[in-house]
Every structure is written in structure tokens, then in C-alpha cells.
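# Structure assessment
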Amino acid sequence: MSETSTMPLHMRRVEFDPAPELAAARDEERVKRITTVFGDDAWLVTQYADVREVLGDAERFKVAQHLNARLPGAPAMTEEQIAKVRAGNLLGMDPPDHTRLRRMLTPEFTIRRMNRLEPRISRIVEDHLDALEAAGSPADLVPSFALPIPSLVMCELLGVPYEDRAGFQARTTRMLDMTVPGQERLMVQFEQRAYMEGLVGRIQADPGEDLLGMLVREHGDDLSTDELVGIGGLLLFAGHETTSNMLSLGTLALLRHPEQLDLLRQEPARIDATVEELLRWLSIVNSGATKVAAVDAEIGGQAIKAGDLVMVSLPAANRDPRLMPDADTFDLTRGAPGHVAFGHGIHHCLGAPLARMELRIAFPALLKRFPNLRVTDSPAQFRTFSIVYGLAALEVAW
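Residues numbered from 1 in each chain as written. Predicted model: local features only at pLDDT ≥ 70, side-chain atom pairs only at ≥ 80, totals over all residues. Heavy atoms only, no water.

### Description of the sheet that holds strand S6 (residues 139-140)
Two strands in a sheet stick together by hydrogen bonds in their backbones, pointing the same way (parallel) or opposite ways (antiparallel). If you trace the three strands from one edge of the open sheet to the other, you get S6-S14-S11, paired in antiparallel fashion. Of all the strands in the sheet, the pair left with one neighbour each is S6 and strand S11 (374-375). Where S6 lies against strand S14 (residues 395-397), two bridges are found, and the strand directions are antiparallel. Paired with Ala-139 across the strands is Val-396, a residue of S14. (Pairing = 2+ DSSP bridges. Helix = DSSP H or I, 4+ residues; strand = E, 2+ residues; numbered from the N terminus.)

Spelled out as C-alpha cells, the structure:
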């Protein structure tokens, strides 16, 4: 029995790939009954077209708020605690609340606005490459490159003091780690919230030019303090945790596919297509928010009753042979059209333009600085039991 066989089906991986039983569920059953991390029964939707249908229909499939405000294995929270946790968390909201908050945030994440950040992101990347080179070979790419770059970008974007990064990174890692006892993870969640409450209080007193300062200045009368805390916490968590895992896992994917890496080196203009293919092929977010059927429905030929829980598998959908031929192969020449790595529908990742920019800048810079970059004999450590998939360690040499 593999170490992942006790995990919920939608979280099971074998290094880069969805576990064989997850791929089989997609190809043989399409919609499969599973047990969630909370011990509840749910329908797992696995084929690409069906996943898009569920994510794209916020009327028939609502966010299961009673689950998305909880951490698996953690004790129940009070109604007051649940209300605080839900406030400002766009991933746990349906319209009209979701629409109201998303409308305020969307202007800050346009491609044009993100392009203004490009010189600063390039400088952050080069600074970390300088430090990596100075420290010498070999090095663990996760703490020296993959983790600090997105963290610093999000700190600057939100107005979070960079010296606080170690604290929120440690708390985030523990919150995502399924092996940490539920009570401890709940305590860490409250610690993280207390940190954000203090930060928001300081920004409300003296709003700067960062994103949270902008929200206070322009929408302060329309946003409660709890909503500001929730927005800041979500963006800080989502913005650094996901991109950092894409940087480390994506680097390993390229190094393990030397023919693809050579193609990218020879044709640097392929970087956008490379980023899209890495996003599709790796699919580090296992699933979006758990949904609940608002009405009787049918997905993939399976009758789903009102009140049933519904989950989607993004890795299975992005490897669906119905999406593209030979979908299990990493091939940067195709550009991965239409993947759902950032989700789909109203909850499509708000920060997708920023994540793409960071990856588009960081990968070429790393490969240019270290043309002989290679993985050492020390095995890469996959974060198997984490809600966001990635690497805990990646030792490289040059």
C-alpha cells in the first residue's frame, strides 16, 4: 500500500502525475463517489468538460460554506469564529457577496497593472540569484529561490513587512500540512488571522500605496475590518504558496525533461507556452472549493441530488485525453490551451496575471544564470500530504 493510499482520492499523486487510481476514475467512471478529508461523502468530477461545467455554474453548484470555513481534522468553530473566517474569503463566497468584493479587487490585478510590477519582480529575482550564486553550489532551491521570491512580491504588493515573512510562511506550511493535528492547525489559523488583524489596523491608520492601503482609501466605507483581514490573508496565502511551489516543481520538471529544456534554451520566446504547459501538467492545486448542489443535477451522466457535495479534480481534468492528445506528456510546444490550473468561472484565480509574470521572469533568469543547472543525487522531497502540492526540498548544483 502506498503512503498516499489513505489520502482522499483527489489529493493522490505520484511525483508529477495524478495517481493511477485517480486517472482510472476519470477514464472509467467520470464521476466517482469519494470520502472527503472531513469524512463526508462527495461526488468527485474528473473529466475536463465536466469540471468546467461545475466550476462555471455558480447557480447550480454553490460553495459548501460549512466545509470551506473549516480545516480537516480541526474541532468545530463557534458561529462567530466561522463568520470571521468567511469574511473577505472570495474562494468561500457566492454572488452577490463574491461579486461585490471581486469588483473592488479586479482593477488591481489587470495585466496592465501587473506590467508595472515587472521591473521590480526582475530585480527581486536577480537579487536572489546573486545570493544563490554567492552562497555556492550545491543549494536547496526551495528556501533560497522558489519560496522567497513570491513572498517578497506579495509582501510589497499588499504592504506586508518583509521581515514578517518567516512567520507567515511557517504558519502557512503548517496550515496546509495534513499530517499536523487538526487542533494545532486551527490554532495556527487563528495566529495568522491575529497577525493580519494587526497589519490591517496599522494600514487603516496610515494607508500607503499598496493594495490594502488602496482598498482602505477607496473602499474603506464599503469594507468591514474582517473583510479586509480576510482579503489580505487570502491573497498573502494564495499568492506566495502557489507560485513558490510552481517555481520549485517547474524547475524539477524542466531538469527531468532535458529535451524540453534544450528547446526552451534554444527558443526563449517559448517561455509563455512553457509556463502554460507547466501550469497544466503540474496542476499544483488539487481542487477548488467544495461545492454543494443547489438543485438536482446531472454531470457526466451521473444524477446528483440537491444537497450532495461535489468536488472537482484539476490535475485529472488537465491530463484528460479529451482535452488534448497525449495529455500525460510534458510538451511545451503546445502551449496548453484551455487548462483549468487557475480554476474556471467566477472563482478563476484573481492573481493569475501576477503568477504568470513571476514564472515568466524567474525561469529564464534561473536557467540563464546557471546554464549547467542540475539536480543532485539528493532526492527531491515532494509535499505529498499538503493541500497545495509542491516540493519541500530540491537540491541543485551548477
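There's plenty left to go through after this.
### Quick word on the nonpolar core
Within the largest apolar cluster, 87 residues are counted, with the highest numbers of intra-cluster contacts made by Val-125, Leu-215, Leu-235 and Leu-282. Val-125 has contacts with Phe-145, Ile-149, Ile-361, Ala-362 and Ala-365, leaving out every residue within four places of it along the chain. Formed by 20 residues, the second largest nonpolar core is a distinct cluster that contains Val-31, Ala-293, Leu-314 and Ala-327. (Core = buried A, V, L, I, M, F, W, Y, C linked by side-chain atoms within 4.5 Å. Buried < 20%, exposed > 50% of the residue type's maximum accessible area, 1.4 Å probe, protein only. Contact = heavy atoms within 4.5 Å.)

### Side note on the sheet that holds strand S5 (residues 61-63)
Read from one edge to the other, the open sheet built from five strands follows the order S3-S4-S10-S7-S5, with strand pairing classed as mixed. Both outer strands of the open sheet, strand S3 (31-35) and S5, are each paired with one neighbouring strand and no more. Adjacent strand axes in the sheet meet at a mean angle of 40 degrees when their direction is disregarded. Pairing geometry for strand S7 (residues 291-293) and strand S10 (residues 309-312), over two bridges, is antiparallel. Across the sheet, Lys-291 pairs through a bridge with Val-310, a residue of S10. The strands touched by helix H2 (residues 48-55) are strand S4 (41-45), S5, S7 and S10; relative to S10, the strand with the most contacts, the crossing angle is about 125 degrees. (Axes fitted to C-alpha atoms, helices over the stretch in contact; angles between N-to-C directions.)

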